[in-house]
Amino acid sequence: MLTLENFHVLSLPCMAIEDLAKLPETPCVYLVVNSQGKVLYVGKSENLRKRWKSHYKLSSLIEESGIRISYVEVQEDLLFKVERALINALNPPLNENEPSKGIASLRQKVGLTQRQLADLVGVTETTIRNWENNRSGVEWFERVAKLCDSLQCTPNDLFGYQKIAETEEKA
């Protein structure tokens, strides 16, 4: 069993950042480690290789020499918990700049993956990713937020979801 007491970064499987194509395509919690063995960043992914093909920190990290990606394969439903535990224990400097609010933060707070949230909402995982990265649909969210602020109501009030739910309950 992996515990923080027996957790040693240098004993984990790892790849040089230049060898990302060799990373596993499995759910993993990963650690970005510099040449001195210091953990710079901790993250999670349902498919580690796919994640690092377009990771937003890749371009800045690849410029540093000796950077490697260490990883721990984890059951998908434990990704969030293991990631949070390692961030709390290791306090990596690049995780301090993580957004403190927004869809990603709220999703992580309740322990959902992007895929799980997508299934709950009825959209694709790509849509969730785009929303989290402010790529699409953001203008719509901003308009709804302004409407709610102006009308002093919630989105449920705005779209009448409460009335719909009450109607369904009576039926």
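Details of the structure are given in the entry above.
The structure presented is a predicted model; accordingly, all values stated were derived computationally and were not measured.

Draft legend 1. Focus on a nonpolar patch on the surface. Together, Trp140, Phe141 and Phe159 make up an exposed nonpolar region whose accessible area comes to about 300 Å². Along the chain, phenylalanine 141 turns up in helix 7 (residues 138–151).

Draft legend 2. Geometry of helix 3 (residues 79–90). A rise of 1.5 Å per residue sets the reference length of helix 3, with its 12 residues, at 16 Å; its end C-alpha atoms lie 16 Å apart and thus fit the reference within 8%. Inspection of helix 3 places Leu79, Phe80, Glu83, Leu86 and Ile87 among the buried residues, and these make up the whole buried set. Looking straight down helix 3, one finds its buried side chains confined to an arc of 135°; they lie on one side. Exposed and oriented more than 90 degrees from the buried face of helix 3 are Lys81 and Asn88. Packing partners of the buried residues in helix 3 comprise strand 2 (28–33), strand 3 (39–45) and helix 4 (103–109). Where helix 3 ends, the next residue or the one after it, asparagine 91, has phi of about 50°, a positive value.

Draft legend 3. Spatial organisation of the packing of helix 5 (residues 114–121) against helix 6 (residues 125–132). Between helix 5 and helix 6, the shortest axis-to-axis distance is 8 Å and the interhelical angle comes to 110°. In terms of orientation, helix 5 lies roughly perpendicular with respect to helix 6. Judged by residue contacts, Gln114, Arg115, Leu117, Ala118 and Val121 of helix 5 engage Glu125, Ile128, Arg129, Trp131 and Glu132 from helix 6. Looking at side-chain class alone, the contact of helix 5 with helix 6 contains 5 nonpolar, 1 polar and 4 charged residues.

Draft legend 4. Geometry of the pattern of salt bridges. Applying the stated criterion to the full structure yields 7 salt bridges. Here arginine 49 makes a salt bridge to glutamate 25, at a shortest N to O gap of 3.2 Å. Of this pair, arginine 49 sits in helix 1 (residues 48–53) while glutamate 25 is found in the loop between strand 1 (14–16) and strand 2, placing the two residues 24 residues apart along the sequence. Salt-bridge contacts for glutamate 125 lead to arginine 129; the nearest nitrogen and oxygen are separated by 3.3 Å.

Draft legend 5. Just the sheet that holds strand 1, in detail. Here we have 4 strands laid out as an open sheet, ordered 1-4-2-3, and antiparallel in their pairing. One side of each edge strand has no neighbouring strand; the edge strands of this open sheet are strand 1 and strand 3. For this sheet the average axis-to-axis angle between neighbouring strands, irrespective of direction, equals 25°. Pairing between strand 2 and strand 3: 6 bridges, direction antiparallel. Bridge pairing in strand 3 links leucine 31 to valine 42. Against the sheet, helix 3 touches strand 2 and strand 3, its axis set at about 170° to strand 3.

Draft legend 6. Fine view of the environment of alanine 85. Checked against the element boundaries, alanine 85 lands in helix 3. Residue class for alanine 85 comes out partly exposed when judged on its relative accessible area of 33%. Considered as a pair, alanine 85 and valine 42 are 43 residues apart in the sequence and their alpha carbons are 10.0 Å apart.

Draft legend 7. Fine view of the packing of aromatic side chains. Under the definition given, this model contains 2 aromatic pairs. The interplanar angle of 35° and the centroid separation of 6.2 Å between the aromatic rings of tyrosine 30 and tyrosine 41 together place this pair among those described as tilted. Pair noted here: tyrosine 30 is in strand 2 and tyrosine 41 is in strand 3, with a separation of 11 residues, a long-range link. Each ring, one from tyrosine 30 and one from tryptophan 52, has its centre 5.4 Å from the other, and the planes form 75°; the classification is edge-to-face. Placement of tyrosine 30 in strand 2 and of tryptophan 52 in helix 1 is noted, with a sequence separation of 22 residues between them. Given a relative accessible area of 0%, tryptophan 52 falls into the buried group.

Reading guide: rules and limits
- Residues numbered from 1 in each chain as written.
- Predicted model: local features only at pLDDT ≥ 70, side-chain atom pairs only at ≥ 80, totals over all residues.
- Heavy atoms only, no water.
- Patch = residues over 30% accessible without salt bridge, like charges linked within 9 Å, V, L, I, M, F, W, Y side chains within 5 Å.
- Areas by Shrake-Rupley, 256 points an atom, 1.4 Å probe, with all protein chains shown as cover.
- Salt bridge = Lys/Arg side-chain N within 4 Å of Asp/Glu carboxyl O.
- Helix = DSSP H or I, 4+ residues; strand = E, 2+ residues; numbered from the N terminus.
- Expected span 1.5 Å × (residues − 1).
- Buried < 20%, exposed > 50% of the residue type's maximum accessible area, 1.4 Å probe, protein only.
- Arc of directions from axis to C-beta.
- Contact = heavy atoms within 4.5 Å.
- Axes fitted to C-alpha atoms, helices over the stretch in contact; angles between N-to-C directions.
- Parallel < 35°, antiparallel > 145°, perpendicular 65-115°, else oblique.
- Nonpolar A, V, L, I, M, F, W, Y, C, P; charged D, E, K, R; others polar.
- Pairing = 2+ DSSP bridges.
- Phe/Tyr/Trp six-rings, centres within 6.5 Å; stacked < 30°, edge-to-face > 60°.

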